[in-house]
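Fold and geometry: a report
Here is what each chain is made of, one letter per residue.
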Protein chains: 2
Amino acid sequence: VINAGKSQHNEDQACCEVVFVERRPSPRGRLPSRESSGELDGVSAGAALTQPSCLSPQGRKGFYFHYWALFDGHAGSGAAVMASKRLHLHICEQLRDLVDILQDPSPPPICLPHDMRAGPAELSRVPLSEDDKEVPNDAVPRFHLEKAVSHESLVIGAIENAFKHMDDQIERERASQRLSGGCCALAAVYLMGKFYVANAGDSRAIIIRNGEIIPMSREFTPETERQRLQFLAFLRPELLGKEFTHLEFPRRIQPKELGKKMLYRDQNMNGWAYKKIEENDLKFPLIYGEGKKARVMATIGVTRGLGDHDLKVFSSNIHIKPFLSCFPEVRVYDLTQYEHCPDDVLVLGTDGLWDVTNDKEVAAVVMEVLTSYEPNDPCRYTMVAQELVVRSRGVLKERGWRLSNDKLGSGDDISVFVIPL
Amino acid sequence: VINAGKSQHNEDQACCEVVFVERRPSPRGRLPSRESSGELDGVSAGAALTQPSCLSPQGRKGFYFHYWALFDGHAGSGAAVMASKRLHLHICEQLRDLVDILQDPSPPPICLPHDMRAGPAELSRVPLSEDDKEVPNDAVPRFHLEKAVSHESLVIGAIENAFKHMDDQIERERASQRLSGGCCALAAVYLMGKFYVANAGDSRAIIIRNGEIIPMSREFTPETERQRLQFLAFLRPELLGKEFTHLEFPRRIQPKELGKKMLYRDQNMNGWAYKKIEENDLKFPLIYGEGKKARVMATIGVTRGLGDHDLKVFSSNIHIKPFLSCFPEVRVYDLTQYEHCPDDVLVLGTDGLWDVTNDKEVAAVVMEVLTSYEPNDPCRYTMVAQELVVRSRGVLKERGWRLSNDKLGSGDDISVFVIPL
């Protein structure tokens, strides 16, 4: 729902795709390297709706992943629109080097030969260099000092780096494409039996399984990331201009309060203590405000996401971007570990949903709506999503948009995916 | 147990005290300020075994707290010995300014007048300055922008700062007192119905309540704090000398591997990805090794604690201390929220215990030993602690100290507190 039906202006974007990840041809093979022919070569989104497999309908080697994502834009929709069109392609691109490795049950190789891109299946084809021939002698002792790296953690790394490449692309193209603003990004990737839920921002994902709520993300806000931001500001005070202090205070300090003792906390503290107010403490706190009103440098209320490269503190030359992270936290849910019933779902929602409807209320709506449809009726999941959106928007009454409990409905865009497990 | 009975050398220290926190006299009152008469003035440790109250037996205003702490020293016992003698006094010192505030049920004041130390009860006695007289006009609007700070978070802040002052004292006195090494610190403070468990290092606290295990701390090691350390090294590369890289690799890279692709992760990543090996990647990783063998700059296996001010990388001039934090994480357990039975306990242990005996095994021993004693026999808790130590040490056999499952016993000092709730 666009601004809960209250406006024509939409900053939420969404994307849902099945993506085929084609194995990257070996640069030493007979095919010419495609590296230079385009960043997103070898990617075919939405080309197939079949289950993941090793061969595409066209006989190309690779695998499929399923993908759902929400992008909650701010200060314009440009970054959100671009991310909704491109993030899955960046994920695909990162996974292309891993096609063989992920399909090989043995542990991922720690080191690949020069220019080796296609994984262990290629190892035997690459001629050993003089140096490489020495390896077998120390291979055994070295092995014991190696850290085991799982396939799962390679997928996590691929998604993390895809977010970074997406952010870099927005930075590069923001001028030519007139991309404004930034966006939170929440993406769910289903690959080889596992859901990878990547979150950068204040959207949220939960799994509802047998009535139980399993959080699949956490929110990144000035309050949850306070210590990271204060630590950065402490180490790089020049990023604060001369306007801000890295210390947190419970309210603005007035100049006449110099010398009094005030509650504060620094980057090392979770608790509060009193300190004598000095000149520098009169600056505005880096993190200020509570809950939905908490802001970084009085400007932005989320601390992770894509875009915002030009964002500055109002009427100043102080950049916000150094304090924002484009890296998501990725949580993994192994679908093969549990028996799932038709009422088990993954719910993705932007903050327009979660601000007015909590996890338990969402679980109750899921239960209520699903039981009113046949278990094999595919539209039952869409109806849950619609019901969640409508309830969070509320109904237009004389005193504004109201929820069933008469509280104010969400004034924000509201986007929801309900995905059967 | 000293090095599990295998050595004469002890680096674990412990402390258990009841501490009276005397309200600091107001500097504006009739009594002369005691500020200059000694840092730990007004502190009387172990003076009373009564329950917390507002007056000491001598009629002084204040309250009691109960205190237990373990200090696991490394590279000498000097820091551990000093911390075991002083940390509770630093906690007391931090709490002295809060005596009135903590006993007043209204929310703590955000700001105290000039030199006001004794809290809200004094507010009316302090004459208003010219500036202060203006305050009432904007007091109402300002209130709504204030962040609410709880009494609990003041105690947390007091404990956090006490650890910092303890660390500063070790730094100041390490030369004159010949204090060697550093120590992990785990402290439990019982105050006004709540347990505050503060942990800096790899000791551990758990509560066992009705057979259920409730973690009351987490360990701070190169692995759990990897991202904080990498972030610092990324922002301050000069701290690495020219010997280390902030990137993590699963094993050492050999010079002949230049140009190959190797798994890595940086400060933003939880997953792994491949990167082309460059010259700078041949340096030793800041964080290296797994589990108990993980080290910061190949030197130290814990990342929080007290002391270590002189610790350097072997045969270099690179200091480790900037990467270590003396700040604990404080967790709170509200005793008044639950009904407790005589078998409910808080267990504190150094890693000598937890390395060989996991949470569940500890809970089983607690259950087993407690049921073999009368519920009102006070020595039953001591017997649990003894049993936990003895089992973790094992028995000397031909092939060394062995546990009941024939695995090797702990080779470390083992210290345990078992505290009835």
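Residues numbered from 1 in each chain as written. Chains lettered and ligands numbered in written order. Predicted model: local features only at pLDDT ≥ 70, side-chain atom pairs only at ≥ 80, totals over all residues. Heavy atoms only, no water.

An unreviewed UniProt entry lists chain A under the name Protein phosphatase 1J, with Egretta garzetta given as the organism.

Okay, the side chain of D72(B) next. Residue and element names in this part refer to chain B. On the secondary structure map, D72 appears in strand β3 (residues 62–74). At 7.0 Å, K292 is the nearest oppositely charged side chain to D72, a buried residue that forms no salt bridge. Once residues within four sequence positions are removed from consideration, D72 is found in contact with E11, D12, G182, C183, C184, D202, S203, T350, D351 and D412. (Helix = DSSP H or I, 4+ residues; strand = E, 2+ residues; numbered from the N terminus. Buried < 20%, exposed > 50% of the residue type's maximum accessible area, 1.4 Å probe, protein only. Lys, Arg positive; Asp, Glu negative; His and termini not counted. Salt bridge = Lys/Arg side-chain N within 4 Å of Asp/Glu carboxyl O. Contact = heavy atoms within 4.5 Å.)

Glancing now at the interface of chain A and chain B. Every contact between the two is made by 64 residues of chain A and, on the other side, 64 residues of chain B. Interface area, chain A with chain B, both sides summed: about 5400 Å², of which 54% is carbon and sulfur. If you look at where chain A meets chain B, you find 20 residue pairs in polar contact (both at pLDDT 80 or more). Looking at the side of chain A that touches chain B, the elements with two or more residues in it are β4 (111–112), α3 (130–144), α4 (151–173), α5 (226–235), β10 (261–264) and β11 (273–276) of chain A. Of the residues forming the side of chain A that touches chain B, the biggest block, seven residues, is contributed by α4(A). Both β10(A) and strand β4 (residues 111–112) of chain B contribute to a ladder of two bridges, which runs antiparallel. The residue bridging K261(A) from the neighbouring strand is L112(B), located in β4(B). (Buried area = accessible area lost by both parts, 1.4 Å probe. Polar contact = N/O pair within 3.5 Å; in protein donor to acceptor, adjacent residues only side chain to side chain. Pairing = 2+ DSSP bridges.)

The next subject is the pattern of salt bridges. For the structure shown, the criterion picks out 64 salt bridges over all chains. Linking E152(A) and K194(A) is a salt bridge whose minimum nitrogen-to-oxygen distance equals 2.7 Å. In this pair, E152(A) sits in helix α4 while K194(A) sits in strand β6 (residues 194–200), placing the two residues 42 residues apart along the sequence. The partner of E368(A) in a salt bridge is R391(A), with the nearest N and O atoms 2.7 Å apart. Of this pair, E368(A) sits in helix α7 (residues 359–371) while R391(A) is found in helix α8 (residues 379–393), placing the two residues 23 residues apart along the sequence. Judged by its relative accessible area of 44%, E368(A) is partly exposed. Residues participating in the shared-partner salt-bridge network are K147(A), E223(B), R226(B), E248(B) and R265(B).

All names here are of chain B. Here H90 lies in helix α1 (residues 78–96). For the pair H90 and F163, spaced 73 residues apart in sequence, the C-alpha separation works out to 7.6 Å. At 2.7 Å, the side chain of H90 and the side chain of Q169 are in polar contact.

Bringing α5(A) into the picture now. Most of α5(A) is tucked away: seven of the ten residues are buried. Every buried residue of α5(A) is accounted for by R226(A), L229(A), Q230(A), F231(A), L232(A), A233(A) and L235(A). For α5(A), the secondary structure elements touched by its buried residues are β13 (287–288) and β14 (295–296) of chain A together with α5 (226–235) of chain B.

Here we come to unusual backbone geometry. With a phi angle near 45°, M297(A) is a residue other than glycine that sits in the positive phi range. Within the element layout of this structure, M297(A) appears in the loop between β14 and β15 (306–307). Residues other than glycine seldom take positive phi values, yet R178(B) does so here, at roughly 50°. Tracing the backbone shows R178(B) in the loop between α4 (151–173) and β5 (182–191). The exposure class assigned to R178(B) is exposed, which follows from its relative accessible area of 75%.

Moving on, we get to the packing of helix α7 (residues 359–371) of chain B against helix α8 (residues 379–393) of chain B. Helix-helix packing is characterised by the crossing angle of the two axes and by the distance between the axes. Residue and element names in this part refer to chain B. Running from N to C, α7 and α8 point in directions that differ by 135°, and their axes come no closer than 9 Å. Looking at the two axes, α7 sits oblique to α8. Along this stretch, α7 crosses α8, giving a crossing that reads as right-handed. Packed against α7, whose contacting residues are V362, V365, V366, E368, V369 and L370, the element α8 presents R380, Y381, M383, V384, E387, L388 and R391 at the interface. For the contact of α7 with α8, a count of residues per class yields nine nonpolar, no polar and four charged. (Axes fitted to C-alpha atoms, helices over the stretch in contact; angles between N-to-C directions. Parallel < 35°, antiparallel > 145°, perpendicular 65-115°, else oblique. Left-handed = near helix turned anticlockwise from the far one by under 90°. Nonpolar A, V, L, I, M, F, W, Y, C, P; charged D, E, K, R; others polar.)

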